[in-house]
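Examining the three-dimensional arrangement
Each chain, letter by letter, is given below.
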Amino acid sequence: MNIRRNDIVVKIRGREKGKQGKVLQMLLSKDRAIVEGLNLVTKHLRKSQDNPKGGITRKEASIALSNLMLFCPHCKKAVRVKRVIEGDKRVRKCKKCAQALDT
Ligand SMILES: [Zn+2]
């Protein structure tokens, strides 16, 4: 898979097409990821000790990896990635500008 935790990705389909965010969590077994600020859902909280008033909160729901693409800070858009082996490391590079996308 080309996307990892802490990557900046862009949503390429759906209502939030074109929006970007940072990958907070990968759900590899489901081919989904949680991305900061994307695909927010409203959750109604029950009253609890932590949250005595209950209420409503916004929380990221997972997004299918097929709806995400890696963001290239150089091209400033979602790009395809190629994998290159440099020395003993696998490096991900933007297919357009060849900029390495691993930090
Ligand atoms: Zn690029």
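Refer to the preceding data block for the structure.
Worth saying up front: this structure is predicted, and the values here are computed from it rather than measured. (Residues numbered from 1 in each chain as written. Predicted model: local features only at pLDDT ≥ 70, side-chain atom pairs only at ≥ 80, totals over all residues.)

1. Some points on the overall build of the chain
- Along its length, the chain carries 0 helices and 10 strands.
- Taken from N to C terminus, the helices and strands of the chain fall in the order β-β-β-β-β-β-β-β-β-β.
- On C-alpha atoms alone, the chain measures out to a radius of gyration of 17 Å, which is more than a quarter above the 13 Å that the 2.2 N^0.38 rule sets for 103 residues.
- Overall size of the chain, expressed as C-alpha extent along the three principal axes, is 55 × 30 × 20 Å.
- Within the chain, contacts between residues separated by at least 24 positions form 37% of all contacts whose residues are at least 6 apart in sequence. (Helix = DSSP H or I, 4+ residues; strand = E, 2+ residues; numbered from the N terminus. Rg over C-alpha atoms; globule rule 2.2 N^0.38 Å. Contact = placed C-beta atoms within 7 Å.)

2. Regarding the pairing of strand S4 (residues 40–45)
- In terms of burial, S4 is largely open, as just 0 of its 6 residues are buried.
- By the bridge criterion, 6 bridges tie S4 to strand S5 (residues 55–60) in an arrangement that is antiparallel. Across the sheet, the residue bridging to Leu40 is Glu60, located in S5. (Buried ≥ 20, exposed ≤ 12 C-beta atoms within 10 Å, placed from the backbone. Pairing = 2+ DSSP bridges.)

3. A look at the nonpolar core
- Of all hydrophobic cores here, the largest spans 14 residues; its most connected members are Val9, Val35 and Leu68.
- Those elements that place two or more of their residues in this core are strand S1 (8–11), strand S3 (32–35) and strand S7 (68–72).
- Leaving out residues up to four positions away in the same chain, Val35 has contacts with Val9, Gly21, Lys22, Val23, Leu24, Glu60 and Ile63. (Core = buried A, V, L, I, M, F, W, Y, C linked by C-beta atoms within 7 Å.)

4. Considerations on the sheet that holds S3
- Spatially, 6 strands are ordered S6-S3-S2-S1-S7-S8 in an open sheet, and the strand pairing comes out antiparallel. Lying at the two open borders of the sheet, with one neighbouring strand each, are strand S6 (63–64) and strand S8 (77–79).

5. Considerations on unusual backbone geometry
- Located in the positive-phi region is Asp31, a residue other than glycine, with phi close to 55°.
- Within the secondary structure, Asp31 is located in the loop between strand S2 (20–27) and S3.
- Assessed through the 12 C-beta atoms surrounding it within 10 Å, Asp31 is described here as exposed.
- A positive phi is found at Lys76, a non-glycine position, where the angle reads about 55°.
- Mapping Lys76 onto the fold places it in the loop between S7 and S8.

6. Quick look at the environment of Thr42
- You can see Thr42 is positioned in strand S4.
- Sequence-distant contacts of Thr42, defined by excluding residues within four places in its chain, comprise Ile56 and Arg58.

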